[in-house]
Amino acid sequence: MSMISSKSIESASDLQIVVSYTDQDSRLQAEQLAVSLGLELHEFQYLTESTIKSIDFLLLYKNDGLWLKEIASGSQIQVDFNSINKSRLSKKLQLAKAIGLKSGRPSVLDATAGMGRDAYSLAALGCSVTMIEQSKVIAALLKDGLKRQHQSEIAIIEAMSLQEGNAVELIPTLQVHDVIYLDPMFEDRAKQALPKKEMQMFRKLLGHDDKVDELFEVALKHAAKRVVVKRHRTAKPLLDKKPHAELTGKQTRFDIYLT
Ligand SMILES: C[S@@+](CC[C@H](N)C(=O)[O-])C[C@H]1O[C@@H](n2cnc3c(N)ncnc32)[C@H](O)[C@@H]1O
């Protein structure tokens, strides 16, 4: 079988990714995704053992949406905004305080969207949020999560929009936002705030974000009011630049730069 490498779609090592679907209702969506990512498509029940052994990830449509499954570990993740603990969504959230929700409802550019949890939390608290995600695989999961959630939470989901691409290039082309929020992946595994399973899959898929300093500089130039950077509690500030304010929690710290 000729295997299409993910090299063209992800920056990490030479990973093999295949798109699949378990039921006919998802077939069209799976076909569209496979075409847009330039990946092979296989109906799940016809995936042979040798194909499965030769791939790293499956992008699998099931009747409850799109999943990213890592073959070696059997772990799978999907964007599920229902799994976010809604009772914790208050202006007292450190993230909400860090972006300045106390004194208004700033427009936010989340330049490292990932699984969209932070973006969703801010949208649920009344902000309009533009997300940027550079990984086409993660962006596909995000789009699927947004689409499913649109049925139950129209107002929140309509306050969120997604741009695919590298934020370093996209930020200067977008309208100015009050706040630019950065939550990049770090080289040091111990200092990553993501859930363990997700972190391991992100690492394999994406490696670490190596243009963080550049992204930070672009953000400082383009945010109307502030740049907020999520860091591990003990990590150095980006570019060793002292923030105007810090909010430190158990594991994470938000560095706030007024612009
Ligand atoms: C740690 S995750 C973000 C998690 C996110 N805050 C959440 O709540 O789910 C970092 C994400 O930022 C993305 N990313 C890193 N640098 C980027 C850039 N320059 N442009 C766009 N996306 C970027 C990575 O692909 C990854 O998905």
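Being a predicted model, the structure only gives us computed values, none of them experimental.

1. Description of the pairing of strand 2 (residues 40-43)
Across 4 bridges, the pairing between strand 1 (residues 17-21) and strand 2 is parallel. Each bridged residue has a counterpart across the sheet, and for Val18 the counterpart in strand 2 is Glu40. Each parallel crossover has a hand, and the one from strand 1 via helix 1 (residues 27-37) to strand 2 is right-handed.

2. Observations concerning the site of the ligand
Taken together, 23 residues surround the ligand, and among them Thr112, Gly114, Arg117, Gln134 and Ala167 come closest. Listed by contribution, the elements that provide at least two residues to the shell around the ligand are helix 4 (117-124), strand 7 (129-133) and helix 7 (167-170). In the shell around the ligand, the residues fall into 11 nonpolar, 6 polar and 6 charged.

3. A closer look at the domain arrangement of the protein
Considered domain by domain, the protein is made up of domain 1 (6-77) and domain 2 (82-258). The partner domain 2 presents 14 residues to the 16 residues of domain 1 that form the contact. Counting only elements with at least two residues in the side of domain 1 that touches domain 2, the list comes to helix 1, strand 3 (57-62) and strand 4 (65-70). Of all the elements, strand 4 adds the most residues to the side of domain 1 that touches domain 2, at 4 residues. For the side of domain 1 that touches domain 2, a count of residues per class yields 11 nonpolar, 3 polar and 2 charged.

4. What about the nonpolar core?
Counting residues in hydrophobic clusters, the biggest one holds 69 residues, and the most contacted among them are Leu59, Ala111, Ala123 and Ala219. Among the elements that line this core, the one with the most residues is helix 5 (residues 136-150), at 7 residues. Structurally, this core is a two-domain feature, drawing no fewer than three residues from each of domain 1 (6-77) and domain 2 (82-258). Apart from residues no more than four positions distant in its own chain, Leu59 is found in contact with Ile17, Val19, Leu33, Leu66, Leu68, Val137 and Ala140.

5. A few points about the sheet that holds strand 9 (residues 179-182)
Pairing is mixed across the open sheet formed by 7 strands, whose spatial order is 8-7-6-9-10-12-11. With one partner strand each, in any of the chains shown, strand 8 (160-164) and strand 11 (245-248) form the two edges of the open sheet. Sheet twist, expressed as the mean angle between neighbouring strand axes with direction ignored, is 20°. Direction of pairing for strand 6 (residues 108-110) relative to strand 9: parallel, over a ladder of 3 bridges. Directly across from Leu109, in strand 9, lies its bridge partner Ile180. Each of strand 7 and strand 8 touches helix 5; the most contacted strand, strand 8, lies at about 160° to it. Where helix 9 (residues 212-222) meets the sheet, its contacts fall on strand 9, strand 10 (226-232) and strand 12 (252-258), and the angle it forms with strand 9 comes to roughly 165°.

6. Some thoughts on the sheet that holds strand 5 (residues 76-77)
One open sheet holds the 5 strands; their spatial order is 2-1-3-4-5, and the pairing between them is mixed. Strands at the two margins of the open sheet, each flanked by one partner only, are strand 2 and strand 5. Summarising the sheet, strand 4 and strand 5 pair through 2 bridges and their orientation is antiparallel. Bridged to Lys69 within strand 5 is Gln76.

7. Side note on the pairing of strand 3
For strand 3, a buried count of 5 out of 6 residues is recorded, marking the element as mostly surrounded by other parts of the structure. Bridge analysis of strand 1 against strand 3 gives 5 bridges, and the strand direction is parallel. From the neighbouring strand, Val18 faces strand 3, where its bridge partner is Leu58. Judged from the 6 bridges that link them, strand 3 and strand 4 form a sheet pairing that is antiparallel. By the bridge assignment, Phe57 is partnered in strand 4 with Glu70. Between strand 3 and strand 4, which follow one another and run antiparallel, lie 2 residues.

8. Describing helix 9
Every buried residue belonging to helix 9 is among Leu215, Phe216, Val218 and Ala219, and all of these are buried. Burial along helix 9 is one-sided: seen end-on, the buried residues are contained in an arc of 165°. With respect to the buried face of helix 9, the exposed residues turned more than 90 degrees away are Asp213, Glu214 and Lys221. Looking at the buried side of helix 9, the elements it contacts are helix 7, strand 9 and strand 10.

9. Description of the confidence of the model for the protein
In the predicted model, the protein carries a mean pLDDT of 90, and 91% of its residues have values of at least 70. For the stretch residues 1-8, pLDDT sits under 50, and the model shows 14 contacts to residues farther than four places along the chain or on other chains.

Conventions and cut-offs
Residues numbered from 1 in each chain as written. Predicted model: local features only at pLDDT ≥ 70, side-chain atom pairs only at ≥ 80, totals over all residues. Pairing = 2+ DSSP bridges. Helix = DSSP H or I, 4+ residues; strand = E, 2+ residues; numbered from the N terminus. Right-handed = clockwise from strand over helix to strand, strands pointing away. Near = placed C-beta within 6 Å. Nonpolar A, V, L, I, M, F, W, Y, C, P; charged D, E, K, R; others polar. Domains from an automatic or database assignment. Contact = placed C-beta atoms within 7 Å. Core = buried A, V, L, I, M, F, W, Y, C linked by C-beta atoms within 7 Å. Buried ≥ 20, exposed ≤ 12 C-beta atoms within 10 Å, placed from the backbone. Axes fitted to C-alpha atoms, helices over the stretch in contact; angles between N-to-C directions. Arc of directions from axis to C-beta. pLDDT = per-residue confidence, 0-100.

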